Amino acid sequence: MKDQPAIKSYFFEKGYKDLSNTIKDSWSSNIASALDLFAKGGAREWHAKIVYFSAGLAVIIFGAVLFSVLSLLHIVLLFLVFLVIYISYTLVLAVDYLYRVKNKITTSCPNSGCFEKNVVPVYQCPNCFAEHDELWPGKFGILNRTCNCGAELPTTFLNGRNKLYASCPKCRKNLSKRFNPEPL
């Protein structure tokens, strides 16, 4: 798959990075708090050293326990939200596919010397004319894809993808001014 001129959905990459960064930052903050307490006790009287050392140890032990429980809760909740998103994505993709199969919709290039049959042609963004050659529900959006220019493009036949300017993926020639796929 070539690079797409679109913004990747949060649920297909950034969400995992944010989870990882949250866990790393929380653990680092826990360690930094404990080290700060150990450092404060370094130049004090023996009883103050014991208090600061105990506080630092408590931060590490209880912080690690609390950190582990909250991280696990965060992971489970995020997994459940992502699961709903992935199921939605799969259902929309399946409905679009079944609609096209049921109605025998395909793309046939009308240009002489090509006549290539494709499931999905190359669509152009109406704002910046960037070519989207895999405009279907996926990691760039479920019902709509956000082009790098900010325009929202429909990703399914059912919500208007067929109204975008289209060209043949093989010869790159225009399929029609207003693309209307024909039944087989």
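On a predicted model such as this, the values are computed, not experimentally measured, just so you know.

Calculation rules
Residues numbered from 1 in each chain as written. Predicted model: local features only at pLDDT ≥ 70, side-chain atom pairs only at ≥ 80, totals over all residues. Heavy atoms only, no water. Helix = DSSP H or I, 4+ residues; strand = E, 2+ residues; numbered from the N terminus. Buried < 20%, exposed > 50% of the residue type's maximum accessible area, 1.4 Å probe, protein only. pLDDT = per-residue confidence, 0-100. Axes fitted to C-alpha atoms, helices over the stretch in contact; angles between N-to-C directions. Parallel < 35°, antiparallel > 145°, perpendicular 65-115°, else oblique. Nonpolar A, V, L, I, M, F, W, Y, C, P; charged D, E, K, R; others polar.

Some remarks on unusual backbone geometry
Backbone phi values are negative for most residues with the exception of glycine, while trans is the configuration of most peptide bonds.
Okay, so step 1: In this model, Lys104 sits at a positive phi of 50°, which is unusual for a non-glycine residue.
Okay, so step 2: Assignment of secondary structure puts Lys104 in the loop between helix H2 (46-102) and strand S1 (105-108).
Okay, so step 3: Phi angles above zero are rare outside glycine, and Phe129 is one such case at about 65°.
Okay, so step 4: The exposure class assigned to Phe129 is exposed, which follows from its relative accessible area of 53%.

Some points on the confidence of the model for the protein chain
Okay, so step 1: The share of residues in the protein chain with pLDDT of 70 or more is 95%, and the mean pLDDT across the chain is 88.
Okay, so step 2: Across the protein chain, strand S6 (residues 152-154) holds the top mean pLDDT of 96, while strand S9 (residues 182-183) sits lowest at 46.

Let's talk about the packing of helix H1 (residues 14-40) against H2
Okay, so step 1: For the pair H1 and H2, interaxial distance at closest approach is 9 Å and the crossing angle is 175°. Classified by the angle their axes make, H1 and H2 are roughly antiparallel.
Okay, so step 2: Class assignment of the residues belonging to the contact of H1 with H2 gives a composition of 19 nonpolar, 9 polar and 1 charged.

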